[in-house]
Amino acid sequence: MSRFVAPSGDRQGTASRGVVVGVVAVLLAGAGASAEAASGTTPGDPVLSGATVNSGHDVIVGITHDVVFPVTVTGSDDSGLAFVDVDLKGPHGGFYTTDAFCETATACTTVFTVNAHPAPGSDDPVDLANADAGTWSVDALADAGDGGSVFAPGIGSFGLKRAARLTVDAAPEPVAKGARITVTGKLVRANWDTYRYAGYAGRAVKLQFRPKGSSTYTTVATVNTSSTGTLRTTVKAVKDGYWRWNFTGSATTGPAKATGDYVDVRS
C-alpha cells in the first residue's frame, strides 16, 4: 500500500505507476500539489464525467476516530477505464493517492482515511488543522486500457467539516401546566488544532419540541449560542413531551442534534 506523496513536478504520467489496493492512506501536503495531466489530449482519449465523494455527503471528522470515505470517479473510454489518481484539494492543503484499479469500465473508486489526531507512533501523519475545514475540490487523472489518459481538474467537490455535539436540559421536571420551563444546552465542535471539543459561539440553534406519543419535532424558537457555546431560553409548559436543540451545521462544521429531554407536565 503506497503512502508516497510527490510534488506536482515529480508526478510522472502513465510510465511508472504504483497500485493501491483497499484503503488508501493519505498525507496532508502543501497547497497547490495536484495530479499532473498527461501531455495533450487526442480523439479517443477517455472522458471523465464526474466524481462523487462519500456518497454525496459531507465528510465530518472529530478528534479521535478514523473517518473512511470513498471517492468514485466515473467516465468512459472505448477500451474501458483502468486506473485513476485522485487528488483532494482544500483551503490549505490536500490528500493524494497513487493509482487505484477501476472496478468497472466506467467507474473507479479510491478510499481515503483521515483522522484529526493520529495515534502515537502512527506512520500515517494525517494532521488536520482547523483551517482545513470547508469546501474541497476533486482532481482526477485517469488511464484507459489502451494507454490513453485524461486529467480532469475540479471534477467534483465536497465539504470536509468539524464534528459538532449538542446537549440539552429542560427543567423543572415535573412542571405544572402553564408554568415556565428553562431549556439550556451547549454547542461544541471539534478543534483540530488542540484535539478537544470547544464551545461554538454565535451560532443559531433551533429549540424543538415533540409531544408525547408523536414522532415529529417542531421548531419553537431559535437561539444564538453565547461566547462559550451555551444556550438558554424559557418556554411555557403546555403538554408532556421532549425538548431538544438542533444545529443544522455551517460551512465548516457538521450538524448536531441533542437527545430529547422529557418533561412531565401536570395539570
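Please refer to the structure higher up on the page.
Here's a quick rundown of the structure.

Calculation rules
- Residues numbered from 1 in each chain as written.
- Predicted model: local features only at pLDDT ≥ 70, side-chain atom pairs only at ≥ 80, totals over all residues.
- Heavy atoms only, no water.
- Helix = DSSP H or I, 4+ residues; strand = E, 2+ residues; numbered from the N terminus.
- Buried < 20%, exposed > 50% of the residue type's maximum accessible area, 1.4 Å probe, protein only.
- Contact = heavy atoms within 4.5 Å.
- Areas by Shrake-Rupley, 256 points an atom, 1.4 Å probe, with all protein chains shown as cover.
- Core = buried A, V, L, I, M, F, W, Y, C linked by side-chain atoms within 4.5 Å.
- Salt bridge = Lys/Arg side-chain N within 4 Å of Asp/Glu carboxyl O.
- Polar contact = N/O pair within 3.5 Å; in protein donor to acceptor, adjacent residues only side chain to side chain.
- Disulfide = S-S within 2.5 Å.

### Digging into the overall build of the chain
When helices and strands are tallied, the chain shows 0 helices and 21 strands. Every one of the 267 residues in the chain was classed for burial, and the buried ones make up 45%. Look at the contacts in the chain between residues 6 or more apart in sequence, and 68% of them connect residues 24 or more apart. As displayed, the chain has an accessible area near 12400 Å², and 51% of this comes from carbon and sulfur atoms.

### Observations concerning the nonpolar core
By size, the foremost hydrophobic cluster in this structure holds 33 residues, and its most contacted members are L48, V61, L88, V138 and L160. Of all the secondary structure elements, the ones that give two or more residues to this core are β2 (47–53), β3 (59–61), β4 (67–76), β5 (81–89), β8 (107–114), β9 (134–144) and β10 (149–162). Broken down by element, the residue count for this core peaks at 5 residues, all from β10. Excluding residues that lie within four positions of it along the chain, L88 makes contacts with F69, V71, G93, G94, F95, F112, W136, S137, V138 and F158. Within the second largest apolar cluster, 23 residues are counted, among which are A164, I181, V223 and V263.

### What about the environment of D132?
Residue position: D132 is located in the loop between β8 and β9. Residue D132 is classed as buried on the basis of its relative accessible area of 2%.

### So, the pattern of salt bridges
Going through the model one piece at a time under the given rule, you end up with 3 salt bridges. A salt bridge links D139 to K89; the nearest nitrogen and oxygen atoms lie 3.1 Å apart. With D139 in strand β9 and K89 in strand β5, the pair connects residues that are 50 residues apart, well separated along the chain. D139 sits in the buried class, given a relative accessible area of 2%. The closest approach of N and O atoms between D264 and R266, which form a salt bridge, is 2.9 Å.

### What to know about the side chain of N191
Along the polypeptide, N191 turns up in strand β13 (residues 180–191). Within the local environment of N191, its side chain forms a polar contact with the backbone nitrogen of T194, the two atoms lying 3.1 Å apart. When near neighbours in sequence (up to four residues on either side) are disregarded, N191 contacts I63, N130, R162 and R196.

### Quick look at the side chain of T97
Position of T97 among the secondary structure elements: in the loop between β6 (94–96) and β7 (100–101). Given the relative accessible area of 2%, T97 is considered buried.

### Observations concerning the state of the cysteines
Disulfides are covalent bonds that link the sulfur atoms of two cysteine residues. Tallied over the full model, the rule gives 1 disulfide. Residue pairing for C102: its cysteine sulfur links by disulfide to C108, the two sulfurs lying 2.0 Å apart. Handedness here is read from the sign of the S-S torsion; for C102 and C108, about 80 degrees, the answer is right-handed.

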